[in-house]
Amino acid sequence: MDGNYYYKLWDSMRDNARNWETLWQESADWSLPRKDEITNIRVQGLEKPAQRMIDTCVEANWSFASGFYSYMFPSQTIWAKLKHPQPAMMEDTEVADYFERVSRQIHSVLIESNFAQEMQESLLDLGCFGTNNLYAEEDDDSTVRFRSFTVADFRIMNDNRGRIDTVGRELNLTARQMMQEFGEEALEKADLGEIKEQLSSGNCSDKKYGVIHIVRKREEYDKTKVNNENKPFASVYVCTKTKAIIKEGGYDYMPYFVGRFTVGNNEDYGRSPMSQVLATARRTNSIYRSMLVSAEQHANPQWLVPDDDSVTFTSNPNRAGAIIKFRANSPLGKPERLQGNGNPQIAQEMFEMHDAAIRRAFFNHLFRPLDEYRNMTAFEVNQRMSTDLMALAPFVN
């Protein structure tokens with residue numbers, strides 16, 4: 001298979017996700033604005049439009065990710081414990097001790113790596129988009145290194161059983177990064193000799209080269225060989241400019257760990273808590289706007305003045321000490337404030353109701369149980385927490 005095959009495969013994967021991009025964009029606008037460049041691409045550093053007036057979804061998603069991380073990866077516990085596939089073997093003391101030592105070593109490696117930071121980012125993507133992607137690779141400094149990719153950067157394909165067996169990702173690298181990643185020889189073979197010339201001339205421009213990384217399960221390979229071309233998962237880097245393969249290798253495992261929160265019928269990508277409450281978020285934003293307008297009208301009502309120019313404002317009439325002139329011989333022409341008819345209290349109650357609905361959709365009540373469990377004994381609180389946390393079982397098992 002040549003580079004054109006993998007480029008067409010990537011193009012097909014992108015086309016299959018077109019309908020999802022609008023949903024991802026709106027979800028990011030509400031709950032993860034720093035990753036909202038799905039369909040709205042902006043120049044780096046450009047101020048983003050302030051269409052969102054509420055921070056409820058942002059806060060709820062952050063609490064969702066933090067709570068999920070604490071629930072699945074408690075810092076004081078070795079949560080990644082290994083065991084022999086045959087339970088009878090674990091009854092042997094030496095075997096059990098071996099797996100315990102290995103589990104502790106793996107836990108130590110993960111703690112010393114950037115796992116916590118990248119997993120937090122990945123869980124934020126899960127709450128917002130419903131699909132997350134955590135990439136793991138070997139690292140000379142920390143043994144293993146992780147990186148979280150958002151849905152804007154990768155695409156997936158399922159096998160006949162609905163399991164993800166193909167992951168594609170698009171990279172945009174500068175000439176210097178291309179040389180660091182692939183080396184001079186590989187770039188020459190991919191008809192990218194211009195990169196060496198560019199670097200030799202000292203031209204460090206911001207021009208970037210598109211590269212596609214496809215990892216997919218091999219259908220056929222020689223299990224008796226241990227070279228990269230005969231590993232269970234194929235890895236191919238293709239230049240989008242020349243359609244040539246830059247680097248080809250393999251993995252013993254799928255390095256892209258893609259998670260999906262919930263999956264609809266015949267859908268490849270997951271659906272998130274944010275996607276379930278988009279309509280609620282829109283209403284909450286409108287209610288909050290109405291609440292602000294109503295409160296402002298009560299705090300600073302409009303002025304009623306006659307239409308015959310008999311009233312003169314020498315300065316801003318809302319400022320303290322402002323002078324307002326009107327004709328004394330026209331008592332009915334005296335300016336007065338328009339009494340507001342709106343009720344900010346009703347708007348406040350509606351806002352709090354919608355705010356709570358959004359936070360419950362993100363399971364925030366499960367991670368802050370003491371906010372709801374009051375006037376109870378410690379035993380009652382523990383029992384109710386255990387019952388409520390059962391709602392998370394389908395997502396973490």
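Residues numbered from 1 in each chain as written. Predicted model: local features only at pLDDT ≥ 70, side-chain atom pairs only at ≥ 80, totals over all residues. Heavy atoms only, no water.

Novice: Sorry, what's going on with the overall build of the chain here?
Specialist: Looking only at helices and strands, the chain features 14 helices and 14 strands. For the chain, contacts bridging at least 24 residues in sequence account for 62% of all contacts bridging at least 6. About 24000 Å² of surface is accessible on the chain, with carbon and sulfur atoms providing 48% of the total. (Helix = DSSP H or I, 4+ residues; strand = E, 2+ residues; numbered from the N terminus. Contact = heavy atoms within 4.5 Å. Areas by Shrake-Rupley, 256 points an atom, 1.4 Å probe, with all protein chains shown as cover.)

Novice: Help me understand helix 11 (residues 344-361), please; the structure alone is not making it clear to me.
Specialist: Along an α-helix, a turn takes 3.6 residues, which lines up residues three or four apart on a common side. With 18 residues, helix 11 should reach 26 Å at 1.5 Å per residue; the first-to-last C-alpha distance of 26 Å fits that figure. Of all the residues in helix 11, the buried ones are Ala-347, Phe-351, His-354, Asp-355 and Ile-358. Relative to the axis of helix 11, the buried residues are bounded by an arc of 105° and lie together on one face. Lining the buried residues of helix 11 we find helix 3 (56-72) and helix 10 (278-299). Among the residues trailing helix 11, Phe-363 stands out with phi positive, at a value near 65°. (Expected span 1.5 Å × (residues − 1). Buried < 20%, exposed > 50% of the residue type's maximum accessible area, 1.4 Å probe, protein only. Arc of directions from axis to C-beta.)

Novice: Just checking my understanding: could you explain the sheet that holds strand 1 (residues 131-139) for this structure?
Specialist: Adjacent strands of a sheet form backbone hydrogen bonds with each other and so pair up, either parallel or antiparallel. The strand order 2-1-8 describes an open sheet built from three strands, whose pairing is antiparallel. Looking at the sheet topology across the chains shown, the edges are occupied by strand 2 (143-149) and strand 8 (256-260). Taking each pair of neighbouring strands and ignoring which way they run, the sheet shows an average axis angle of 20°. Relative to strand 8, strand 1 is paired through five bridges, and the arrangement is antiparallel. Looking at the pairing, Asn-133 lines up with Val-258 of strand 8. Of the strands in this sheet, strand 1, strand 2 and strand 8 are in contact with helix 5 (residues 115-129), which crosses strand 1 at around 160°. (Pairing = 2+ DSSP bridges. Axes fitted to C-alpha atoms, helices over the stretch in contact; angles between N-to-C directions.)

Novice: Would you mind going over a negative patch on the surface with me for this structure?
Specialist: Residues Glu-137, Glu-138, Asp-140, Asp-141 and Glu-181 make up a contiguous surface patch of negative charge. Note that Asp-141 resides in the loop between strand 1 and strand 2. (Patch = residues over 30% accessible without salt bridge, like charges linked within 9 Å, V, L, I, M, F, W, Y side chains within 5 Å. Salt bridge = Lys/Arg side-chain N within 4 Å of Asp/Glu carboxyl O. Lys, Arg positive; Asp, Glu negative; His and termini not counted. Charge placed at Lys NZ, Arg CZ, Asp CG, Glu CD.)

Novice: It is not clear to me how the pattern of salt bridges should be interpreted in this structure. Could you clarify?
Specialist: Close approach of charged atoms allows side chains of opposite charge to pair. In total, this model carries 20 salt bridges according to the counting rule given. Across the pair Lys-35 and Asp-125 runs a salt bridge whose closest N-O atoms are separated by 3.0 Å. Of the two residues, Lys-35 sits in the loop between helix 2 (18-31) and helix 3 while Asp-125 sits in helix 5, which places them 90 residues apart along the sequence. The buried category is assigned to Lys-35, whose relative accessible area is 17%. Take Asp-125: its relative accessible area is 0%, and that puts it in the buried class. Where salt bridges share partners, they join Asp-15, Arg-18, Glu-21 and Arg-155 into one cluster.

Novice: Just checking my understanding: could you explain the nonpolar core for this structure?
Specialist: Within soluble globular proteins, side chains that are nonpolar generally end up buried alongside one another. Met-178, Phe-182, Leu-192 and Ile-246 are the most contacted members of the largest nonpolar core, which totals 69 residues. In terms of residue count, helix 5 provides more of this core than any other element does, seven residues in total. Leave out the neighbours within four places in its chain, and Phe-182 touches Leu-173, Leu-187, Val-211, Tyr-237, Ile-246 and Lys-247. If you look at the next biggest cluster of nonpolar residues, it comprises eight residues, including Leu-9, Trp-10, Ile-214 and Val-236. (Core = buried A, V, L, I, M, F, W, Y, C linked by side-chain atoms within 4.5 Å.)

Novice: Where do I start with the sheet that holds strand 3 (residues 154-158) in this structure?
Specialist: Read from one edge of the open sheet, five strands run 3-4-5-6-7, paired in antiparallel fashion. Each edge of the sheet is formed by a strand with only one pairing partner; in this case those strands are strand 3 and strand 7 (245-251). Averaged over neighbouring strand pairs, the angle between their axes works out to 15° when direction is ignored. Where strand 4 (residues 164-174) lies against strand 5 (residues 208-217), nine bridges are found, and the strand directions are antiparallel. The residue of strand 5 that forms the bridge with Val-167 is Val-215. Packing against the sheet, helix 1 (residues 3-16) makes contact with strand 3, strand 4, strand 5, strand 6 (233-239) and strand 7, and its axis sits at approximately 85° to strand 5.

Novice: What am I meant to see in the side chain of Gln-198 here?
Specialist: Tracing the sequence through the fold places Gln-198 in helix 8 (residues 194-200). The class for Gln-198 is buried, based on a relative accessible area of 10%. In terms of polar contacts, Gln-198 uses its side chain to reach the side chain of Tyr-209, at 3.3 Å. (Polar contact = N/O pair within 3.5 Å; in protein donor to acceptor, adjacent residues only side chain to side chain.)

Novice: Can you help me understand the packing of aromatic side chains in this one?
Specialist: For any pair of aromatic rings, the description consists of the separation of the ring centres together with the inter-plane angle of the planes. Scanning the entire structure with this criterion turns up 22 aromatic pairs. Seen in terms of ring centroids, Trp-20 and Tyr-269 are 5.8 Å apart; in terms of plane orientation they differ by 55°. Their pairing is tilted. Here Trp-20, found in helix 2, pairs with Tyr-269, found in the loop between strand 9 (262-263) and strand 10 (270-271); they are 249 residues apart in sequence, far enough to count as distant. Here Trp-20 matches Tyr-269 in class, with each residue buried. Residue placement shows Arg-169 over the ring face of Tyr-135; its charged tip is 5.9 Å from the ring centre. Across the ring face of Tyr-7, the terminal group of Lys-243 is positioned such that the distance to the ring centre comes to 4.4 Å. (Phe/Tyr/Trp six-rings, centres within 6.5 Å; stacked < 30°, edge-to-face > 60°. Lys NZ or Arg CZ within 6 Å of the ring centre and 35° of its normal.)

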